[in-house]
Amino acid sequence: MDDFLAARSQMALSLGFHIIFSCIGMVMPFFMAVAHYKWLRGGDETYRNLTKAWSKGVAIFFAVGAVSGTVLSFELGLLWPKFMEHAGPIFGMPFSLEGTAFFIEAIALGFFLYGWGRFHPWFHWFTGVVVGVSGLASGILVVAANAWMNSPSGFDYVNGQYLNVDPVRAMFNDAWLSQALHMTLAAFAATGFAVAGVHALMVLKRRNIHFHFRAFQIAAVFGTVAAVLQPLSGDFSAKDVARRQPAKLAAMEAHFHTEKSAALVLGGLPNEKEQRVDYAIKIPGALSFLAHGNFEQEVTGLDRIPVADRPPVTVPHLAFQLMVGLGMFMMGLALLYFWALWRRPHWLRADWLLKLFVAAIPAGFIAVEAGWTVTEVGRQPWILYGIMRTRDAVTPMPGIAYSFYLFTAVYLSLSLVVIFLLYRQIKMVPELYDRPALVGAA
Amino acid sequence: MQYVVIIYLCLAIWLYLLLGGADFGAGIMELFTRSKNRSAARQTMSHAIGPIWEANHMWLIIAVVILFVGFPRIYGVMSVSLHIPLVVMLLGIIARGTAFVFRHYDAVKDRMQMLYNRIFALSSAVTPFFLGVIAASVLAGYVNPAATDFLTAYVWSWLHWFAVAVGAFTVALCGFLASVYSIGETHNEADKRYFIRKTRTMTIITFLAGALVFVAAGFEGIPLGPWIFGNWVGSSAVGLATLSLGGLFYAVSRGHTVLPRLLAGFQVTMILLAIGYRHFPDFVVLRHGSNLSLLRDQAPAATMQALGWALLLGSIFILPALYYLYYSFQHEAEEVAEGTTIAAVRK
Ligand code: HDD
Ligand code: HEM
Ligand code: HEM
């Protein structure tokens, strides 16, 4: 494996790993806050147990999120030192604010996890909410950094020099709003569906139905609301991409030739050599409409992009189809769920609906990974769009392939241990929370 | 504003060594405790660092962020020349953080615990060792960004006796901090005496490791002696640190708990001051050419301005909250009970 490819793969692996834990870190505190609130208000012990059970899982995810994030902050330099030398001072603003957000999160987490029975109940509850709010803030801030790579601003690029740096303008770049909105919703949708699905599975297995059904309800409400909003925000993102990164739009839509009233390509296998898409369904005019809000307008194709600046097509196109497909599936399931809540309450306990939620456990997270693949691969060959090429940013250090193998092994084993631990947590639920006589003070 | 940023960088490094260091020390002590006492030591430590370990390690992130935002060249050169020790340190951070949390939150307490314990203890030593190696490499003057052959550019930059000695010294220092810290966390006389004995041993080991650093520096031709003792700040810092050791032992033997911690912190601070004073404003000493300096190799002024404000603003939120966190968990011992209950139910 050549070093450049290894560096890219290692970066993608580390981010793809971290993003799972950060989604959970951003969203689970809100689920816990709801359960915690219901316990403090209504006094139903189930909700207290639920909060505790969740908080143990979250502690595990937080630790992995924190260490993988620490790794990332070094990896940016270890893999892309030339990029960081120029970019650091410009896109550093969100990172330095993010530092504060992380810190507050870590402090609040200490209070929350170890604070049972030590503080005023509402102060304890409040620390849980702070964990969530600062997690959300850090997610939004770090996406600002990525958005800046897609839409560089806040400096003048003159003869290879980065002049008149304005870190605040760099932070509020063009892409931030659409990306941060879409990412935040994605975190809620992905975590909501995954958690709801796991508890649905337990209900189906007739284990602690009382406990798991309540858990399912909380997670499902968050997840489904986000899943309905997600395609709307995705459409907003797509229009934004069409405006600022026509090459990325063309790649993700496999749109090779510039044309008026461009067709939307559904599925299919892009053939990059022949510049066509095989086995696809085409909807005339739909791409023009989705990208520019009008069926006639011209959509820039890859033929307008210089060959050296063209991103790969197959990967972004397939990843985009996957994300949108999963998004549609999740939205459909969400609408079904709302209908059940509103008109058909007995569906909520019906096996078929629960089974659909079980099937959706991985959907959100697969969509998150696919979406990031679209964003990052679609930006290639640029690390900083239009300014610096990824190839020029890579570290001169040889042998990165070994470091890639090493990190792959580490992340793989960590994932296995986390799954193993979660399995054990869930298995212990009956023993911990079902027979109060045995548990005593716990 | 540049001085605000530099002060925060120093603050972050200092606090990381003090707080994170005590935290690493907890694991190091496990490594060097006979199995008879291990479980008691582990309970004491685990309970002491549980609520605060995440916060302790945030100082490293703050330092890194300050480096890459405010001093991008320094971050760049270190990332390239010290790639290998940085990766090893990162692996240590991963292993340690996860093993600590896994052993606490594994719902079933079985043989897996032994695995977590091993990994935790080992990585607690590996991580500060390589932190020390990195710190030493920054000072030693073997970093050579112009080098083209692999060994000179990426290996000899950090693999030399001075770095090894500083690594060992850092490990010893962490163990020392942890042993002093634990004295105040014990709940019975026997444990307390045990940690007092530990503190004595660790002090001697740290002292020897410190001497070794000077030997290694002499061997490598690094003028460490003149750097530290060539000015009154450095020599008085070392003098005060040595003097306060006497105070430390006196305070420990009188059964004080807070005073020894302050004195131990004071000693570490003096060591950092002695090294840092002469070194400032240089950060990385290079083999050829001019060193990388905190005053010269900065980000553009607008960035330093924004970074300074971000740090000041951040501390308004962070410092009071952090203080309250430490304050709240000063003398508590309940959470451990929960784990035991789970194990009991299991049986
Ligand atoms: C639960 C996850 C999820 C779901 C269901 C969707 N997305 Fe998405 N999408 C993401 C998760 C995501 C993401 C991982 O969060 C990305 C990567 C970068 C970003 O900001 O969000 C993303 C990026 C992303 C981009 C690229 C943005 C950019 O590069 O700036 C577009 C155009 C869309 N999405 C469009 C859609 C559409 C039209 C969807 C319709 C159903 C959709 N997404 C569903
Ligand atoms: C703020 C957040 C992010 C930053 C600063 C960032 C930065 C980078 C950098 C520097 C690279 C290497 C250069 C390149 O190949 O473009 C990269 C590549 C990549 N990143 Fe991101 N990234 C971020 C978010 C993410 C996330 C969350 C994912 C999740 C899956 C992701 C997936 C990838 C992939 C797949 C690549 C490889 C693309 C390729 O080389 O073809 N990125 N990113
Ligand atoms: C789009 C991509 C990213 C998102 C949405 C994201 C979000 C988050 C969130 C919400 C957390 C706190 C939750 C947790 O600890 O599990 C977190 C942790 C962390 N992230 Fe990321 N992150 C992203 C990429 C990055 C990148 C590129 C870096 C490095 C430069 C990074 C550095 C960190 C660090 C250091 C932590 C640990 C902080 C702590 O202990 O709370 N993250 N991330």
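Note that the structure is predicted; figures quoted are calculated from it, not measured.

Undergrad: Quick question: what am I supposed to make of the overall build of chain A here?
TA: Along chain A, the regular secondary structure elements total 15 helices and eight strands. For chain A, with 442 residues in total, the buried portion stands at 59%. For chain A, long-range pairs separated by at least 24 residues make up 77% of all intrachain contacts whose partners lie at least 6 apart in sequence. Summed over all atoms, the accessible surface of chain A reaches about 17,500 Å², with 66% contributed by carbon and sulfur. Treating the 33 positive side-chain charges of chain A as one cloud and the 28 negative ones as another, the clouds have centres 11 Å apart.

Undergrad: How should I be thinking about the overall build of chain B in this particular structure?
TA: The secondary structure content of chain B amounts to 14 helices and two strands. Looking at chain B as a whole, 58% of its 347 residues are labelled buried. The long-range share in chain B, meaning contacts at least 24 apart out of those at least 6 apart in sequence, stands at 78%. Accessible surface computed for chain B: about 14,600 Å², of which carbon and sulfur atoms make up 70%.

Undergrad: Sorry if this is basic, but what is going on with the pattern of salt bridges here?
TA: Note that side chains of opposite charge can pair when their charged atoms are close. Residue and element names in this part refer to chain A. A full pass over the atoms with the stated rule returns 12 salt bridges over all chains. Salt-bridge contacts for Arg 48 lead to Glu 45; the nearest nitrogen and oxygen are separated by 3.5 Å. Taken together, the positions of Arg 48 and Glu 45, both in helix H2 (residues 45-79) and three residues apart, correspond to about one turn of that helix. Taking relative accessible area as the criterion, Glu 45 reaches 43% and is therefore assigned partly exposed. With a closest N to O distance of 3.2 Å, Glu 376 and Arg 379 form a salt bridge.

Undergrad: Teacher, can you tell me more about a nonpolar patch on the surface here?
TA: Residue and element names in this part refer to chain A. A cluster of nonpolar side chains, Val 221, Val 225, Leu 229, Leu 232, Trp 339, Leu 341 and Trp 342, forms an exposed patch at the surface whose accessible area comes to about 680 Å². The element best represented in the nonpolar patch is helix H7 (residues 209-244), accounting for four residues. When you line up the elements, Trp 339 lands in helix H10 (residues 314-342). Accessibility expressed as a relative area gives 34% for Trp 339, which makes it partly exposed.

Undergrad: Where do I start with the coordination of the iron atom of ligand 2 in this structure?
TA: Angles between donor atoms at a metal ideally measure 109.5 degrees for a four-coordinate tetrahedral arrangement and either 90 or 180 degrees for a six-coordinate octahedral one. Within the protein, a single donor atom binds the iron atom of ligand 2, namely A:Glu376 (OE) at 2.2 Å. Positionally, A:Glu376 belongs in helix H12 (residues 363-379).

Undergrad: Can you walk me through the coordination of the iron atom of ligand 1 in this structure?
TA: Residue and element names in this part refer to chain A. Here the iron atom of ligand 1 is held by His 182 (NE2) and Met 323 (SD), and the distances to it run 2.1 to 2.4 Å. Bound by six donor atoms, the iron atom of ligand 1 shows angles of 81 to 179 degrees at the metal and therefore octahedral coordination geometry. Placement of His 182 in helix H6 (residues 176-204) and of Met 323 in helix H10 is noted, with a sequence separation of 141 residues between them. Comparing His 182 with Met 323 shows no difference in burial state: the two are buried.

Undergrad: What's the story with the interface of chain B and chain A in this structure? I'm lost.
TA: Often the size quoted for an interface is simply the accessible area lost on bringing the parts together. Across the contact, 69 residues belong to chain B and 66 residues belong to chain A. Across the chain B to chain A interface the summed buried area is about 6,200 Å²; carbon plus sulfur atoms make up 78%. Between the two partners, chain B and chain A, sit zero salt bridges. Remark: the boundary between chain B and chain A carries six residue pairs in polar contact (both at pLDDT 80 or more). At the level of elements, helix H3 (53-70), helix H4 (72-81), helix H5 (83-105), helix H6 (112-140), helix H7 (150-155), helix H13 (301-328) and helix H14 (335-346) of chain B are the ones that each hand at least two residues to the side of chain B that touches chain A. Of the residues in the side of chain B that touches chain A, the class split is 49 nonpolar, 11 polar and nine charged.

Undergrad: Teacher, can you tell me more about the packing of helix H1 (residues 2-31) of chain B against H6(B) here?
TA: The relative placement of two packed helices is expressed as an angle between their axes plus a distance between the axes. Residue and element names in this part refer to chain B. Put simply, H1 and H6 touch, their axes get as near as 8 Å, and they point 135 degrees apart. The angle between H1 and H6 falls in the class oblique. Once H1 is placed against H6, the crossing between them reads as left-handed. Contact residues: Tyr 16, Phe 24, Gly 27, Ile 28, Glu 30 and Leu 31 in H1; Asn 117, Phe 120, Ala 121, Leu 122, Ser 124, Ala 125, Thr 127, Pro 128 and Leu 131 in H6. Tallied by class, residues from the contact of H1 with H6 come to 10 nonpolar, four polar and one charged.

Undergrad: Even after reading the chapter, I still don't get the site of ligand 3, so can you show me in this structure?
TA: Surrounding ligand 3, one finds 27 residues, the nearest of these being A:His18, A:Ser22, A:Met26, A:Phe102 and A:Val142. At the site occupied by ligand 3, the surrounding residues belong to chains A and B. One of the side-chain nitrogen or oxygen atoms of A:His18 is found 2.9 Å away from a nitrogen atom of ligand 3. Between ligand 3 and the protein, one listed contact pairs an oxygen atom with a backbone N or O atom of A:Phe21 at 3.5 Å. Broken down by secondary-structure element, the contributors of at least two residues to the shell around ligand 3 are helix H1 (3-42), H2, helix H3 (81-114) and helix H4 (121-150) of chain A together with H3 of chain B. Counting residues per element, the shell around ligand 3 draws most heavily on H2(A), which supplies eight residues.

Undergrad: What is the right way to look at H2(A) in this model?
TA: The periodicity of an α-helix, 3.6 residues per turn, causes residues three or four positions apart to be oriented the same way. Residues and elements named next belong to chain A. An ideal rise of 1.5 Å per residue puts 51 Å on 35 residues; H2 measures up with 50 Å between its terminal C-alpha atoms. In the structure, H2 departs most strongly from a straight axis at Ser 73, where the bend amounts to approximately 30 degrees. For H2, the tally of buried residues reaches 33 of 35 residues, placing the bulk of the element in the interior.

Undergrad: Even after reading the chapter, I still don't get empty space enclosed by the protein, so can you show me in this structure?
TA: Remark: the empty space left among the atoms is shown by a probe the size of a water molecule rolled over them. The tally for this structure, following the rule as stated, stands at seven cavities of 30 Å³ or more. One number sums up the size of the largest cavity: a volume of about 170 Å³. What lines the largest cavity is a set of 16 residues, and nearest its centre among them are B:Tyr8, B:Ile62, B:Leu311, B:Ser315 and B:Ile318. Listing elements by their share of the lining of the largest cavity, those giving two or more residues are H3 of chain A together with H1, H3 and H13 of chain B.

Undergrad: Even after reading the chapter, I still don't get the site of ligand 1, so can you show me in this structure?
TA: All names here are of chain A. Ligand 1 sits among 23 residues. The nearest are His 182, Arg 244, Lys 248, Met 323 and Val 368. Between ligand 1 and the protein, one listed contact pairs a nitrogen atom with a side-chain N or O atom of Gln 230 at 3.4 Å. One of the side-chain N or O atoms of Lys 248 is found 2.9 Å from an oxygen atom in ligand 1. Contributing elements (two or more residues each) for the shell around ligand 1: H6, H7, helix H8 (246-252), H10 and H12.

Undergrad: Quick question: what am I supposed to make of the domain arrangement of chain A here?
TA: Residues and elements named next belong to chain A. Entries for chain A in the domain assignment read domain 1 (3-254 + 311-438) and domain 2 (259-299). Each of domain 1 and domain 2 has a C-alpha centre, and the two are 30 Å apart. At the interface, 12 residues of domain 1 touch 16 residues of domain 2. Here domain 1 packs against domain 2, burying approximately 1,000 Å² in sum over the two surfaces, 59% of which is carbon and sulfur. Of all residues in domain 1, Lys 239, Glu 253 and Thr 314 give up the largest surface area on contact with domain 2, accounting jointly for 39% of the area buried on that side. Our count for the contact surface shared by domain 1 and domain 2 stands at zero salt bridges.

Definitions and cut-offs
Residues numbered from 1 in each chain as written. Chains lettered and ligands numbered in written order. Predicted model: local features only at pLDDT ≥ 70, side-chain atom pairs only at ≥ 80, totals over all residues. Heavy atoms only, no water. Helix = DSSP H or I, 4+ residues; strand = E, 2+ residues; numbered from the N terminus. Buried < 20%, exposed > 50% of the residue type's maximum accessible area, 1.4 Å probe, protein only. Contact = heavy atoms within 4.5 Å. Areas by Shrake-Rupley, 256 points an atom, 1.4 Å probe, with all protein chains shown as cover. Lys, Arg positive; Asp, Glu negative; His and termini not counted. Charge placed at Lys NZ, Arg CZ, Asp CG, Glu CD. Salt bridge = Lys/Arg side-chain N within 4 Å of Asp/Glu carboxyl O. Patch = residues over 30% accessible without salt bridge, like charges linked within 9 Å, V, L, I, M, F, W, Y side chains within 5 Å. Donors = N, O, S within 2.8 Å, 3.2 Å for Na, K, Ca; no water. Tetrahedral: all angles 85-135°; square planar, octahedral: opposite > 155°, others 65-115°. Buried area = accessible area lost by both parts, 1.4 Å probe. Polar contact = N/O pair within 3.5 Å; in protein donor to acceptor, adjacent residues only side chain to side chain. Nonpolar A, V, L, I, M, F, W, Y, C, P; charged D, E, K, R; others polar. Axes fitted to C-alpha atoms, helices over the stretch in contact; angles between N-to-C directions. Parallel < 35°, antiparallel > 145°, perpendicular 65-115°, else oblique. Left-handed = near helix turned anticlockwise from the far one by under 90°. Near = heavy atom within 4 Å. Expected span 1.5 Å × (residues − 1). Bend = angle between axes of the 7 residues up to and from the residue. 1 Å grid on protein atoms, 1.4 Å probe; cavity = no way out; pocket = protein on both sides within 12 Å on 5 of 7 lines; lining within 4 Å. Points joined across faces, edges and corners; volume = space filled by probe spheres on them. Domains from an automatic or database assignment.

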